[in-house]
Amino acid sequence: MPTSMRSPAPPRLARDAPVPAVDHAARLRARARGRRCETALLLAPALLWVVVAVAIPLGMIVWVSFWRADGGTLVHTFDLSTWKSVVSDGAFRSLAWQTLKVVVIVLAIVATVGLLSGYFLARFVRSRRLQTLLLMLAILPFWTSYVIRIITWQPLFGNRGVLNWLLTTTGILKEPASAFLYNQTAMIFAMSSLYVVFVIGPVYWALSRIDDDVVAASRSLGASAWQTFWRIEFPLAKGGLVAGCFFAAIFLFGDYATERLIGGGTHPALAGTINAIAGSGQWPTAAALSVVLLALAAIVLGVFMKIHDLRREL
Amino acid sequence: MTLTTGQRAVKGLSGTLFAFVLLVLYAPFAIMLTLSFGERATAVFPPSEFTFVSYEKLLHPSDYSLFTIAGEPLTNYWPPLRLSLILGLLTALLATALALMAALAFRRRFRGRGPLFYLLLLGLLTPGVILGLGMRLFADQVGLGAHWYTTGLLLHVAWTMPFGFIVFLIFLNRYDVSVEEAAAVLGASRWKVFRTVTLPLLAPGVMGSLLFGFTLSLDEVQRSSFVMGRDQTLPMELLAVTGVRITPVVYALGSLIAVVSFALLALYFVGFERERRRTAIAEPDEDDDFTAAAPLAAAA
């Protein structure tokens, strides 16, 4: 192009370009090749990164689970002794069961509370501005430090914490109770409060996109509010609900800090056990348990994808 | 619209529940701020004194005369904080660049698009501990030392990149390709189209992706325990200290972090809202989609 783009001359249009003396089929083929090349180049860095940082490490985990730890040394063989001890050990089986149980309970709480909260925002808060403001308020804490949020649990629920202070000064309790911290209930409560945000946002978003006329039409055609919810609003909000639970599950399966700091290690789950066992250098056992955790996570996440294909939400 | 009795009951119930959620979310911060002005070794509520000594300890970690409580951990939080900030920035930039490129590639159909989509999200889908453990095993196998700038950075980018990728897909799926075509027809080169049309339209997405990368990295503990080697990030240091004893210094630090992040987020959302209104005036049809993308990007 001889003239610069800055010149006052009118911009050249593509149709003004001189037609080169090549046949169109070859040009189209070349362009398609160029496109493929561009796609590959754009994808390469991210793919390479994921392969090196995630895919190969996951392969390593599976591989190492077939190694054996003899005392302090690792034996790089291929045998099933680690797997045999993991499968036959009742403690490990109950660990997997506990993990699944906690995840399912927390997801149920988070789904219920998130759905109701999102519904409240979208249907019962009149002004759009106030809706946005309240939603932002609910989302904000997620963006601050997770560690800081869980270490404030002790002054809130500990023996000499706020809740006990309130309960003893109001006379409801005679002595501070230790029931609010370092047990499974406390852990489930903490996890629910950490991850409920994942559900509130998407549910609100899905509900607020439903046209008011659709709801009005349903009501004027004789459906009760309850029927309108189950037939119209819930199916449309389902995507948001599943998306929220999906993300909550991802965080839940890997969360061992909450388990340790708030559960007090009284009810260990797989993530915490893997962390502890790997920390003591027993790589093969930790790797085998990781494969179990991976399988559990894959099943739960797969069920969510089955209920609602989340790619439709993109 | 008049509400039926049932609807009023649902309104009351869901409203109470939402209020309770907000209470549970914010009470910890309020308590933390209150306790940060206390002095005793172990946090007790209500605090009986009001002092800035915890903040002073934070500012002068080597001034031992301030640390008068027996058994109080002497921790200098500044090196871990600096490390966390550097790692967070690097992670945010790298993850955003990788995610943007991958998302642009995903606008086209190509063979293996389905499986590659899941492969790109693998770092997000894998439970945290496993990611860290696997990375460490792999690094040991190939003789790569565990440092923040080797395994640490690899892992943080792998964990945060999928969030950026999702954000960009959401934005790209809601935008009109014909603006790009118009620019191309008018003679702009492919690079020029990207720089002057695509990128400005994606600006909120870029901000969202950077925010995800930075905050998730800054807060990362579940995946980090095996990959940082001797390097301690701020959240790891905090967890290590709380394992010993939680003192008001931790609350002082927590309060500072909370205040700073609330301020930054408020700025971000105000900017986002202003940007949205600007684009909404230009293109009224797009209004809904941009509003919609905000909460999802924030809560996804």
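This one's a predicted model, so the numbers in the text were calculated from it and none came from an experiment.

Section: the overall build of chain A
- Helix and strand counts for chain A stand at 14 helices and 2 strands.
- For 314 residues, the compact-globule formula gives about 20 Å, and the C-alpha radius of gyration of chain A, at 28 Å, lies well above that figure.
- Based on the C-alpha atoms only, the size of chain A along its principal axes is roughly 90 × 70 × 45 Å.
- Within chain A, the fraction of its 314 residues that count as buried is 50%.
- Contacts spanning at least 24 positions in sequence make up 68% of the contacts within chain A whose residues lie at least 6 apart.
- For chain A, the accessible surface area stands at approximately 15400 Å², while carbon and sulfur atoms represent 65% of it.
- Measuring between centres, the 28 positive side-chain charges of chain A sit 5 Å from its 15 negative side-chain charges.

Brief notes about the environment of A:V162
Residue and element names in this part refer to chain A.
- Structurally, the position occupied by V162 is in helix α7 (residues 162-169).
- Judged by its relative accessible area of 9%, V162 falls in the buried class.
- In this structure, the C-alpha to C-alpha distance between V162 and D309, residues 147 residues apart in sequence, is 43 Å.

A few points about the pattern of salt bridges
- Throughout the structure, instances matching the rule amount to 8 salt bridges over all chains.
- Residue B:R136 is joined to B:D140 by a salt bridge in which the shortest nitrogen-to-oxygen separation is 3.3 Å. Here B:R136 and its partner B:D140 are both found in helix α6 (residues 128-142), 4 residues apart, which amounts to about one turn of the helix.
- On the basis of relative accessibility, which here comes to 42%, the residue B:D140 falls in the partly exposed class.
- One salt-bridge network, in which partners are shared between bridges, spans A:E38, B:R108 and B:R190.

A short note on the domain arrangement of chain B
All names here are of chain B.
- In terms of domain boundaries, chain B breaks down into domain 1 (10-73 + 245-269) and domain 2 (78-244).
- On a C-alpha basis, the centroid separation for the pair domain 1 and domain 2 is 30 Å.
- Every contact between the two is made by 11 residues of domain 1 and, on the other side, 11 residues of domain 2.
- Regarding the contact of domain 1 and domain 2, the summed buried area is about 930 Å², with carbon and sulfur atoms giving 81% of it.
- A per-residue breakdown of the area domain 1 buries against domain 2 is headed by R245, V250 and Y268, which together make up 47% of the total.
- Scanning the region where domain 1 abuts domain 2 turns up 0 salt bridges.
- Where domain 1 touches domain 2, the interface holds 1 residue pair in polar contact (both at pLDDT 80 or more).
- Those elements giving two or more residues to the side of domain 1 that touches domain 2 turn out to be α2 (53-59) and α11 (248-282).
- The greatest single-element share of the side of domain 1 that touches domain 2, amounting to 5 residues, is contributed by α11.
- Tallied by class, residues from the side of domain 1 that touches domain 2 come to 10 nonpolar, no polar and 1 charged.

Overview of the confidence of the model for chain B
Residues and elements named next belong to chain B.
- For chain B, mean pLDDT is 84; residues scoring 70 or higher make up 89% of the total.
- Here helix α12 (residues 287-299) is the element of chain B with the lowest mean pLDDT, 42, and helix α3 (residues 78-105) is the one with the highest, 96.
- Predicted confidence is poor over residues 283-300, with pLDDT under 50, and the contacts of this stretch with residues over four places away or in other chains come to 37 contacts.

Digging into helix α1 (residues 5-36) of chain B
- Look at α1(B): 46 Å from first C-alpha to last across 32 residues, which is about the 46 Å you get at 1.5 Å a residue.
- B:Y26 marks where α1(B) bends most, by close to 35°; the proline B:P28 follows one to four residues later.

Re the environment of B:E237
Residue and element names in this part refer to chain B.
- Among the structural elements, E237 can be located in helix α10 (residues 234-244).
- Looking at E237, the relative accessible area reads 16%, which means it is buried.
- A sequence separation of 16 residues divides E237 from V221, and the C-alpha atoms of the two residues are 9.7 Å apart.
- Excluding residues within four positions of it along the chain, E237 makes contact with T75, Y77, P80 and Q232.

Re the packing of helix α14 (residues 283-307) of chain A against α6(B)
- As a packed pair, α14(A) and α6(B) sit with axes 10 Å apart at the nearest point and diverge in direction by 140°. What the angle tells us is that α14(A) and α6(B) run oblique. Crossing hand, α14(A) versus α6(B): left-handed. Where α14(A) approaches α6(B), its residues A:W283, A:A286, A:A287, A:S290, A:L293 and A:L294 are matched on the opposing element by B:I130, B:L133, B:R136, B:L137 and B:D140.
- In terms of residue class, the contact of α14(A) with α6(B) is built from 8 nonpolar, 1 polar and 2 charged.

Quick word on the interface of chain A and chain B
- On the chain B side, the residues contacting the 106 residues of chain A number 107 residues.
- Of the roughly 9600 Å² buried where chain A meets chain B, counting both sides, 78% is carbon and sulfur surface.
- Contact with chain B buries area across many residues of chain A, yet A:W49, A:W143 and A:L314 alone supply 9% of it, more than any other trio.
- Counting every contact that joins chain A to chain B gives 2 salt bridges.
- Between A:E38 and B:R190 there is a salt bridge, with the nearest N and O atoms lying 3.0 Å from each other.
- Viewed at the interface, chain B and chain A are joined by 15 residue pairs in polar contact (both at pLDDT 80 or more).

Let's talk about the nonpolar core
- Core analysis: the biggest nonpolar cluster contains 185 residues, and A:L107, A:Y195, B:Y77, B:L120, B:L133, B:M161 and B:F165 have the highest contact counts within it.
- Looking at which domains feed residues into this core, each of domain 1 (10-73 + 245-269) and domain 2 (78-244) of chain B supplies at least three.

Section: a positive patch on the surface
- The grouping of A:R29, A:R33, A:R36 and B:R111 at the surface amounts to a positive patch.
- By secondary structure assignment, the location of A:R29 is in helix α1 (residues 24-64).

Some details on the packing of aromatic side chains
- In total, this model carries 45 aromatic pairs over all chains according to the counting rule given.
- Ring geometry for A:F229 versus A:F234: centroids 6.0 Å apart, planes at 50°, classification tilted. Here the two residues A:F229 and A:F234 agree in accessibility, since each one is buried.
- Seen from their ring centres, B:W148 and B:Y149 are 5.7 Å apart, and the 90° between their planes marks the pair as edge-to-face.
- What makes B:W148 buried here is its relative accessible area of 18%.
- According to the relative accessible area criterion, B:Y149 is partly exposed, its value standing at 48%.

Remarks on the side chain of A:R149
- With respect to the helices and strands, the residue A:R149 is situated in helix α5 (residues 146-151).
- The buried charged residue A:R149 lacks any salt bridge partner; its closest oppositely charged side chain belongs to B:D219, at an N-O distance of 7.3 Å.
- Beyond its immediate stretch of four places on either side in the chain, A:R149 contacts A:P141, A:F142, A:T144, A:S193, A:L194, B:L25 and B:F29.

Rules behind the numbers
Residues numbered from 1 in each chain as written. Chains lettered and ligands numbered in written order. Predicted model: local features only at pLDDT ≥ 70, side-chain atom pairs only at ≥ 80, totals over all residues. Heavy atoms only, no water. Helix = DSSP H or I, 4+ residues; strand = E, 2+ residues; numbered from the N terminus. Rg over C-alpha atoms; globule rule 2.2 N^0.38 Å. Buried < 20%, exposed > 50% of the residue type's maximum accessible area, 1.4 Å probe, protein only. Contact = heavy atoms within 4.5 Å. Areas by Shrake-Rupley, 256 points an atom, 1.4 Å probe, with all protein chains shown as cover. Lys, Arg positive; Asp, Glu negative; His and termini not counted. Charge placed at Lys NZ, Arg CZ, Asp CG, Glu CD. Salt bridge = Lys/Arg side-chain N within 4 Å of Asp/Glu carboxyl O. Domains from an automatic or database assignment. Buried area = accessible area lost by both parts, 1.4 Å probe. Polar contact = N/O pair within 3.5 Å; in protein donor to acceptor, adjacent residues only side chain to side chain. Nonpolar A, V, L, I, M, F, W, Y, C, P; charged D, E, K, R; others polar. pLDDT = per-residue confidence, 0-100. Expected span 1.5 Å × (residues − 1). Bend = angle between axes of the 7 residues up to and from the residue. Axes fitted to C-alpha atoms, helices over the stretch in contact; angles between N-to-C directions. Parallel < 35°, antiparallel > 145°, perpendicular 65-115°, else oblique. Left-handed = near helix turned anticlockwise from the far one by under 90°. Core = buried A, V, L, I, M, F, W, Y, C linked by side-chain atoms within 4.5 Å. Patch = residues over 30% accessible without salt bridge, like charges linked within 9 Å, V, L, I, M, F, W, Y side chains within 5 Å. Phe/Tyr/Trp six-rings, centres within 6.5 Å; stacked < 30°, edge-to-face > 60°.

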